[in-house]
Amino acid sequence: MSKSGGKGHAGGGKMTAGRASAIQSAGARNPGSSTAKSGFAGRAQSAAAKGGNSESGKK
């Protein structure tokens, strides 16, 4: 079993389209949050696209 950086996050640090979408949604729900202000949502979306990951769940 691999270690993960935070509670409830698994997958070895791989950014998926589903995770990127969740990050964008969190920023949209709270525009004053650090997630929204930092531009992290865009970087997450880019990482998901580069990784070729399209699903958020494990198979």
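All of these numbers come straight from a predicted model, not from anything done at the bench.

Concerning helix H3 (residues 40-51)
The first and last C-alpha atoms of H3 sit 16 Å apart over 12 residues, in line with the 16 Å expected at 1.5 Å per residue. The set of residues buried in H3 consists of Ala 41, Ala 44 and Ala 48. On an axial view of H3, the arc spanned by its buried residues comes to 60°, and they lie on one face. The exposed set on the far side of H3, more than 90 degrees from its buried face, consists of Ala 49 and Lys 50. Tucked into the core, H3 has its buried residues touching helix H1 (17-29) and helix H2 (34-38).

Scoring rules and cut-offs
- Residues numbered from 1 in each chain as written.
- Predicted model: local features only at pLDDT ≥ 70, side-chain atom pairs only at ≥ 80, totals over all residues.
- Heavy atoms only, no water.
- Helix = DSSP H or I, 4+ residues; strand = E, 2+ residues; numbered from the N terminus.
- Expected span 1.5 Å × (residues − 1).
- Buried < 20%, exposed > 50% of the residue type's maximum accessible area, 1.4 Å probe, protein only.
- Arc of directions from axis to C-beta.
- Contact = heavy atoms within 4.5 Å.

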